[in-house]
Amino acid sequence: MTALPPGSAAAVETTRTEVCALHAELLRWNLVTWTSGNISARIPGTDLIAIKPSGVTYDDLTPESIVVCDLSGAVVDGRHAPSSDTDAHAYVYRAMPEVGGVVHTHSPYATAWAARNEPIPCAITAMADEFGDDIPVGPFALIGGDDIGKGIVATLTGHRSPAVLMSGHGVFTIGPGPKAAVKAAVMCEDVARTVHLARQNGPVERLPQHHIDALYDRYQNVYGQR
């Protein structure tokens, strides 16, 4: 274990607090069960990330229990072992410097699509707004190394979607910060459920691409408070 970089203490403390608090959103939106799932965040001004500890229940999470790792996944500060997905998260941060947050869930509807190895078609306006495309499927990879991270990067590079369904596994989302990545995970499960329910009554057609493009542009550049 190495020492924290000089002058990083405030950024580390703030990020640990934010990451800890955001895990409550995974429970709130029914995206995780027991100790599954995790959130990480890039610590501003450093080459470090803060990530959930492995196997610790959500009720027991505190800012102090959030583990600080370097971008190779090695622990820099913390009294717990980091998430078993740490190497995957670290690979994403190394390969995608624009990413400031990564989330992993096994949310049921989205993971059902991943179990079928099937992308979610962009069939509703809310999906066009948030994802700007189908939600893609990434390759199957075993947990514990950086193969999952490689699959995430290969699938999402050049893709509008901040979410990927890793085949036979679950959902990974990225964002410029951890809150944005959590939002993407919430919205991924929401549209996965809606499109699944729609298909119970017949085929679902993808929206025309020009409508998807227009909806995505409006939502990303006009919607909300600027």
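None of these values were measured; they are calculated from a predicted model.

A. Structural context of the overall build of the chain. Within the chain one finds seven helices and eight strands. The C-alpha radius of gyration of the chain comes to 17 Å, within 12% of the 17 Å expected for a compact globule of 226 residues. Each principal axis of the C-alpha distribution contributes one length, and for the chain these read about 55 × 35 × 30 Å. Across the 226 residues in the chain, those meeting the buried criterion constitute 49%. A separation of at least 24 residues holds for 64% of the contacts in the chain among residues at least 6 apart in sequence. When the accessible surface of the chain is split by element, carbon and sulfur atoms take 55% of a total near 10400 Å². On the chain, the mean spot of the 16 positive side-chain charges and the mean spot of the 24 negative ones are 3 Å from each other.

B. How the structure looks around the packing of helix H1 (residues 9-28) against helix H6 (residues 178-199). Two elements in contact, H1 and H6, have axes whose closest approach is 10 Å; the angle formed by their N-to-C orientations is 10°. By the angle class used here, H1 and H6 are roughly parallel. Contact with H1, carried on its side by Glu18, Leu22, Glu25 and Leu26, involves Pro178, Lys179 and Val182 of H6 and no other residues of that element.

C. View of the state of the cysteines. In the structure shown here, the tally under the stated rule is zero disulfides. Just so you know, Cys20 is unpaired, no disulfide at all, and the nearest cysteine sulfur is the one on Cys69, 16 Å from it.

D. How the structure looks around helix H5 (residues 147-156). Burial runs high along H5: seven of the 10 residues are buried. By the burial criterion, the buried members of H5 are Ile148, Gly149, Gly151, Ile152, Val153, Thr155 and Leu156. Positive backbone phi, at 80°, marks Gly158, one or two positions downstream of H5.

E. Summary view of the packing of aromatic side chains. In this structure the tally under the stated criterion is one aromatic pair. Taken together, a centroid distance of 4.8 Å and an interplanar angle of 25° make the contact between Tyr219 and Tyr223 stacked. In this structure, Lys52 packs its charged tip against the face of Tyr58, placed 5.2 Å from the ring centre. The ring of Trp113 is capped by Arg116, whose NZ or CZ atom sits 4.7 Å from the centre of that ring.

Parameters at a glance
- Residues numbered from 1 in each chain as written.
- Predicted model: local features only at pLDDT ≥ 70, side-chain atom pairs only at ≥ 80, totals over all residues.
- Heavy atoms only, no water.
- Helix = DSSP H or I, 4+ residues; strand = E, 2+ residues; numbered from the N terminus.
- Rg over C-alpha atoms; globule rule 2.2 N^0.38 Å.
- Buried < 20%, exposed > 50% of the residue type's maximum accessible area, 1.4 Å probe, protein only.
- Contact = heavy atoms within 4.5 Å.
- Areas by Shrake-Rupley, 256 points an atom, 1.4 Å probe, with all protein chains shown as cover.
- Lys, Arg positive; Asp, Glu negative; His and termini not counted.
- Charge placed at Lys NZ, Arg CZ, Asp CG, Glu CD.
- Axes fitted to C-alpha atoms, helices over the stretch in contact; angles between N-to-C directions.
- Parallel < 35°, antiparallel > 145°, perpendicular 65-115°, else oblique.
- Disulfide = S-S within 2.5 Å.
- Phe/Tyr/Trp six-rings, centres within 6.5 Å; stacked < 30°, edge-to-face > 60°.
- Lys NZ or Arg CZ within 6 Å of the ring centre and 35° of its normal.

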